[in-house]
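Residues per chain, in single letters:
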Amino acid sequence: MWRRLDAPQHDADTRLSGLETRMPLKVMTAGCDDGEKSRLESLVRAAIGDRSERGNWSVSLVRIGTKLSTRLEGPSPALRDVSFMVTEEQLQESLLGALRDAGLVTPHDESGAEGPTPNETQRNAHVCGTCANAFVVLFESFPEEAERTVPVACPHCWQLNRVPVGQWAAEGEEYRAEKA
Ligand SMILES: [Zn+2]
């Protein structure tokens, strides 16, 4: 069963129904003509790629002279309100830079191949520090992702254990424990 800690309900809904509930990526522009708007939108979509299927993303672009005042918001804490001023030519690389800083770009992405590597579901075995029963922690992982230690409730006795999960799962609280 699911056991989540203070996570908003819609995250669980997204994960449970998979691709059927794709969150839209919102791209807002100001001061751009229609041709520029669609060009900028495809640059943004190319940079964010399949990540737009997980969580809410919005990018706002305001044309100021030759520069774009860019504001990015993504589903991880490192992507709350990231802003920069760039030219159109620099936009895609700057977005990728922000994703890289947030730990969301894998080496596979950087190679320019056909999109991000699919997630892999990890099942890590643990023993509860309180009741000594075995449980598994399930989470989606990405290649070469950093680990974070998170609190997870034992599915036998509900006492909190601290276990390592991937950075993406930790930031989105996208993990759960099951009886082994
Ligand atoms: Zn326990």
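Before any of the text, the structure's been laid out above.
Cut-offs used in this document
- Residues numbered from 1 in each chain as written.
- Predicted model: local features only at pLDDT ≥ 70, side-chain atom pairs only at ≥ 80, totals over all residues.
- Helix = DSSP H or I, 4+ residues; strand = E, 2+ residues; numbered from the N terminus.
- Expected span 1.5 Å × (residues − 1).
- Buried ≥ 20, exposed ≤ 12 C-beta atoms within 10 Å, placed from the backbone.
- Arc of directions from axis to C-beta.
- Contact = placed C-beta atoms within 7 Å.
- Pairing = 2+ DSSP bridges.

Asker: Before we move on, can you summarise helix α3 (residues 88–101) with the specific residues and values?
Answerer: For α3, spanning 14 residues, the distance from its first C-alpha to its last is 20 Å, which sits close to the expected 20 Å at 1.5 Å a residue. Buried residues of α3: Leu91, Leu95, Ala98 and Leu99, and no others. For α3, the angular spread of the buried residues around the axis is 100°, confining them to a single face. Residues of α3 that are exposed and angled more than 90 degrees away from the buried face: Glu89 and Asp101. At its buried positions, α3 is contacted by α2 (34–48), β3 (67–73) and β4 (82–86). Looking one or two residues beyond α3, the residue adopting positive phi is glycine 103, at roughly 75°.

Asker: Before we move on, can you summarise the pairing of β3 with the specific residues and values?
Answerer: Burial of β3 is one-sided: the residues Leu68, Thr70 and Leu72 facing one way are buried, the residues Lys67, Ser69, Arg71 and Glu73 facing the other way are not. Two strands pair when backbone bridges link them, and strand β2 (residues 57–64) and β3 are joined in this way by seven bridges, in the antiparallel orientation. Residue valine 59 lies in a different strand from β3, and its bridge partner there is leucine 72. Linking β2 back to β3 in an antiparallel pair, the connection comprises two residues, with glycine 65 at a positive phi of about 60°.

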